[in-house]
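Letter by letter, the chains look like this.
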Amino acid sequence: MAKRTPFHDLHVKANGKMVDFAGWDMPLHYGSQIQEHHQVRQHAGLFDVSHMGIVDLHGEDTPAYLRRLLANNIDRLTTGKALYTCMLNEQGGVIDDLIVYKISDDFYRVVINAGTREKDMAWMRVQAESFAIDIRERTDLAMLALQGPEIKDKIHALFAADQAATILQLKPFHFAKFNEWFVARTGYTGEDGYEIIFPANEADTFWNKCLAADIAPCGLGARDTLRLEAGLNLYGSDMDETVTPLESNLAWTVGLEPIERNFIGRTALEQQKQQGVKRRLVGLVLQGQGIIRNHQKVIIEGDGEGEVTSGGYSPTLEKSIALARVPADIGSNCLVEIRNKQVSAQVIKPPFVRNGKKVF
């Protein structure tokens, strides 16, 4: 039987079309995926992301452990700040991408993907064996993402005045903590907003507060088209354990300095860099008719082939877009094989859309 988040009954009550996602019963949409997409781009939307794993790390060795575990360098963090990073295997392949938050010198929180929770937890525990650290998965907490240009205007309706004032002062990738409530200015849509972690037993109350503030529930369908427009990778589609961050438009998440930080996968990445990265992840904008789909062939005239990793329709741009892994020296145009026809596409550096506007 599929797992359920604390908001399951509220999704059903809101006429959510429930589907299986990584073993969880989750809403695909509440009537119109396109409408929910525009709701987030233009107004304010609400996503249940409680299927993601919330993991708290305590102990004096926590910083040393994370310096070893993660490709990005947690020494860049000050208390109250967050960092996006990959967790790699020894071959430099991506086990997962995650966000790590520094709560204090010996207390960090990481949020991992739903589809990789069990694998991630097993890997993290094995790597922790030589460190004085306590790893605790917080299944007692719920998580909502509030996204869209109008979210800031609604914070006062959701929090006490002093808390709202603190939240509204947060810079991107910073967070505030109020006892068990945790509010981070992060997201997965290309819009401004917050991801909020709080006790699961308060799920109904906070959800209804959000609805009363005209923040509309949105499903996984809109979440996917929004993140694709924002050029944000989806684990399992755009990267996995067979590719490195250097091939996934994620070189910026790898902290190679200082050179003495021996994180897992470092040797493989340095070797790949030295030999020259042969493939990279790019954005495609279809110039002709059709919809680009995952796994379609990308043809670079005179320079081999690539593959679409994420493709679909962009409601904001009203055309088809994609992420694709292609030969590193690709030019500004290519062809995508759609239903046995070769259709021209423009090659861009993601993102496609930021804060509701085309950016290429």
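Preceding block: the structure.
The shown structure was predicted, so the numbers you read here are calculated from the model rather than taken from an experiment. (Residues numbered from 1 in each chain as written. Predicted model: local features only at pLDDT ≥ 70, side-chain atom pairs only at ≥ 80, totals over all residues. Heavy atoms only, no water.)

Chemist: Lay out the overall build of the protein in plain terms, naming residues and giving numbers.
Modeler: In terms of regular secondary structure, the protein is built from nine helices and 21 strands. For a compact globule of 360 residues, the expected C-alpha radius of gyration is about 21 Å, and the protein comes in at 21 Å, within 12% of that figure. Based on the C-alpha atoms only, the size of the protein along its principal axes is roughly 60 × 50 × 40 Å. Within the protein, the proportion of its 360 residues that are buried is 55%. Put simply, 66% of the contacts in the protein that link residues at least 6 apart link residues at least 24 apart. In the form shown here, the protein has an accessible surface area of approximately 15800 Å², with 47% of it arising from carbon and sulfur atoms. Distance between charge centres in the protein, computed from 40 positive and 46 negative side chains, equals 4 Å. (Helix = DSSP H or I, 4+ residues; strand = E, 2+ residues; numbered from the N terminus. Rg over C-alpha atoms; globule rule 2.2 N^0.38 Å. Buried < 20%, exposed > 50% of the residue type's maximum accessible area, 1.4 Å probe, protein only. Contact = heavy atoms within 4.5 Å. Areas by Shrake-Rupley, 256 points an atom, 1.4 Å probe, with all protein chains shown as cover. Lys, Arg positive; Asp, Glu negative; His and termini not counted. Charge placed at Lys NZ, Arg CZ, Asp CG, Glu CD.)

Chemist: Tell me about the sheet that holds strand E12 (residues 193-199), and please be specific about residues and values.
Modeler: Remark on secondary structure: sheet strands pair via backbone hydrogen bonds, oriented parallel or antiparallel. Pairing in this open sheet of six strands is mixed, and the strands run E10-E11-E12-E9-E3-E13 from one edge to the other. Edge positions in the open sheet fall to strand E10 (175-178) and strand E13 (216-217), since each of these has one partner strand only. Pairing between strand E3 (residues 45-48) and E13: two bridges, direction parallel. Within E13, the position partnered with Leu-46 by the bridge is Pro-217. (Pairing = 2+ DSSP bridges.)

Chemist: Please set out helix H3 (residues 62-69) residue by residue, giving values where relevant.
Modeler: Listing the buried residues of H3 in full gives Thr-62, Pro-63, Tyr-65, Leu-66 and Leu-69. Axial view of H3: buried residues confined to an arc of 160 degrees, hence all on one face. Buried residues in H3 make contact with strand E4 (53-58), strand E5 (82-88), strand E6 (94-104), strand E7 (107-112), helix H4 (117-127) and strand E8 (134-137). (Arc of directions from axis to C-beta.)

Chemist: Break down the layout of surface pockets for me, citing the residues and quoting the values.
Modeler: Roughly 200 Å³ of internal volume is contained in the second largest pocket. Taken together, 13 residues line the second largest pocket, and the ones lying closest to its centre are Leu-246, Asn-249, Arg-280, Leu-281 and Lys-349. Counting residues per element, the ones that place at least two in the lining of the second largest pocket are strand E14 (279-286) and strand E19 (341-348). When residues of the lining of the second largest pocket are assigned to their parent elements, the largest contribution, three residues, is made by E14. Of the residues that constitute the lining of the second largest pocket, the class distribution is 10 nonpolar, one polar and two charged. (1 Å grid on protein atoms, 1.4 Å probe; cavity = no way out; pocket = protein on both sides within 12 Å on 5 of 7 lines; lining within 4 Å. Points joined across faces, edges and corners; volume = space filled by probe spheres on them. Nonpolar A, V, L, I, M, F, W, Y, C, P; charged D, E, K, R; others polar.)

Chemist: Help me get a handle on the nonpolar core, residues and values and all.
Modeler: Counting residues in hydrophobic clusters, the biggest one holds 34 residues, and the most contacted among them are Phe-47, Leu-88, Tyr-101, Val-111, Phe-182, Ile-197 and Met-239. Looking at this core, the elements with two or more residues in it are E5, E6, E7, strand E9 (141-147), strand E11 (181-184) and helix H8 (220-229). Core analysis: the next-biggest nonpolar cluster, separate from the first, contains 28 residues, Phe-7, Ile-155, Ala-176 and Phe-206 among them. (Core = buried A, V, L, I, M, F, W, Y, C linked by side-chain atoms within 4.5 Å.)

Chemist: Residues and numbers for the environment of Asn-72, please.
Modeler: When you line up the elements, Asn-72 lands in the loop between H3 and E5. Under the relative-accessibility criterion, Asn-72 is labelled buried at 2%. Put simply, Asn-72 and Leu-10 are 62 residues apart on the chain and 37 Å apart in space, counted from C-alpha to C-alpha. Apart from the residues within four sequence positions on either side, Asn-72 is in contact with Leu-83, Tyr-84, Thr-85, Thr-253, Gly-255 and Arg-261. Polar side-chain contacts of Asn-72 include one of 3.0 Å to the side chain of Arg-76. A distance of 2.9 Å separates a polar atom in the side chain of Asn-72 from the backbone oxygen of Tyr-84. (Polar contact = N/O pair within 3.5 Å; in protein donor to acceptor, adjacent residues only side chain to side chain.)

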